[in-house]
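# Tertiary structure, described
The residues making up each chain are set out below.
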Amino acid sequence: MTSAAGIRAELKVTGPDGCPVASVSENDTNGYALSRSMAPNENGSVTEEFVFDAEDGVAADMEQLFDYGDGSVYRFEREGGIGCPCERVEEFNCPVVDVQTRDGALFLTFHAPDIETLRDVVAALRESSGSVDVRRLLQSSSDETRDLVLVERGQLTDRQREVLETAHDMGYFDHPRRANKGEVAAELGITTSTFSEHLAMAQKKLMGAILQD
């Protein structure tokens, strides 16, 4: 049996268009998904059930089904195939296993088979939904579970990538260093100060992605 190498991703999607549960949570009413139909109804709509911890902002067409005391189950229908965040994720054969909503944002959890699929999912969400933050990534292996960070190279300019790649190839980041700033700058055809500026900006972007909460 081969060991599992998939990735568990937890994403925050801020301000998704046309999402009824996200609009409810803008009123300080948090919630989580309980269940939803896997296929559209005859009229093309999808039935969902959500648990909200308060009634503020709950739309009139959301039917209250059950009261837990600290939250109530609401059932509602929405149009299917509108490219909402959950549907976007599942277009890549990654079923969403958990959905929560707070402060107008959706928090989605799903499993991706590999990092390439995960990157495609994030890119699709950003194209259709705007702000997407990677909250946490976990990769399983046969003997441990590892924390991962999704660093998108598109955050760097072409020049910043060239500076990083050249510095890496020449051994600037090795210990001890195999090349100094002047040597890398000369290879790039730029001044030492320009090299330092590009390197500092690239490192700032990468560290921001790695250390984000």
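Notes on the structure follow. (Residues numbered from 1 in each chain as written. Predicted model: local features only at pLDDT ≥ 70, side-chain atom pairs only at ≥ 80, totals over all residues. Heavy atoms only, no water.)

## Some words on the overall build of the protein
For the protein, the helix and strand inventory stands at six helices and nine strands. Contacts spanning at least 24 positions in sequence make up 58% of the contacts within the protein whose residues lie at least 6 apart. Of the roughly 12,400 Å² of accessible surface on the protein, a fraction of 46% belongs to carbon and sulfur atoms. (Helix = DSSP H or I, 4+ residues; strand = E, 2+ residues; numbered from the N terminus. Contact = heavy atoms within 4.5 Å. Areas by Shrake-Rupley, 256 points an atom, 1.4 Å probe, with all protein chains shown as cover.)

## Let's talk about the state of the cysteines
Summed over the entire model, instances satisfying the criterion amount to zero disulfides. Between C84, a free cysteine, and C86, which holds the nearest cysteine sulfur, the sulfur-to-sulfur gap is 5.3 Å. Looking at C84, the relative accessible area reads 8%, which means it is buried. Residue classification places C86 among the buried positions, given a relative accessible area of 10%. (Disulfide = S-S within 2.5 Å. Buried < 20%, exposed > 50% of the residue type's maximum accessible area, 1.4 Å probe, protein only.)

## Focus: the nonpolar core
By size, the foremost hydrophobic cluster in this structure holds 31 residues, and its most contacted members are F52, V89, L106, F110 and L118. Excluding residues that lie within four positions of it along the chain, L106 makes contacts with L11, K12, V13, P16, C19, V21, A22, P85, V99, Q100 and T101. Among the nonpolar cores identified, the runner-up in size contains 13 residues, and V163, Y172, A179 and A185 belong to it. (Core = buried A, V, L, I, M, F, W, Y, C linked by side-chain atoms within 4.5 Å.)

## Examining a nonpolar patch on the surface
A grouping of Y32, L34, L65, F66 and Y68 is seen on the molecular surface, where their side chains present a nonpolar patch of about 490 Å² in accessible area. Of all the secondary structure elements, the ones that give two or more residues to the nonpolar patch are β2 (31-36) and β4 (63-67). The exposure class assigned to F66 is partly exposed, which follows from its relative accessible area of 47%. (Patch = residues over 30% accessible without salt bridge, like charges linked within 9 Å, V, L, I, M, F, W, Y side chains within 5 Å. Salt bridge = Lys/Arg side-chain N within 4 Å of Asp/Glu carboxyl O.)

## What about the pattern of salt bridges?
For the structure on display, the rule yields eight salt bridges. Across the pair R78 and E48 runs a salt bridge, and its minimum N-O distance is 2.5 Å. Of the two residues, R78 is situated in strand β5 (residues 72-79) and E48 in strand β3 (residues 45-52); the sequence distance between them amounts to 30 residues. A single burial state applies to R78 and to E48, both of which are buried.

## Comments concerning unusual backbone geometry
Cis geometry is found at the peptide bond from H175 to P176, where omega equals 0°. If you trace the backbone, P176 turns up in the loop between α4 (158-169) and α5 (181-188). For D28, which is not a glycine, the phi torsion comes out positive at approximately 60°. Assignment of secondary structure puts D28 in the loop between α1 (20-25) and β2. D28 gets classed as exposed once you look at its relative accessible area, which sits at 61%. Phi is positive for N93, which is not a glycine, with a value near 60°.

## Describing the packing of aromatic side chains
Scanning the entire structure with this criterion turns up five aromatic pairs. Between F52 and Y74, the aromatic rings sit 5.8 Å apart at their centres with planes inclined by 50°, giving tilted as the arrangement. With F52 in strand β3 and Y74 in strand β5, the pair connects residues that are 22 residues apart, well separated along the chain. We classify F52 as buried; its relative accessible area is 1%. Among the residues examined, Y74 registers a relative accessible area of 4% and is labelled buried. Note on Y172 and F195: the rings are 5.5 Å apart at their centroids and 85° apart in plane angle, and the pair reads as edge-to-face. In this pair, Y172 sits in the loop between α4 and α5 while F195 sits in helix α6 (residues 192-211), placing the two residues 23 residues apart along the sequence. These aromatic residues form a ring-pair network of at least three members: F50, F52 and Y74. Here R102 stacks its cationic end above the ring of F107, 3.9 Å away from the centre of that ring. Sitting over the ring of Y172, R177 keeps its end group 4.0 Å from the ring centre. (Phe/Tyr/Trp six-rings, centres within 6.5 Å; stacked < 30°, edge-to-face > 60°. Lys NZ or Arg CZ within 6 Å of the ring centre and 35° of its normal.)

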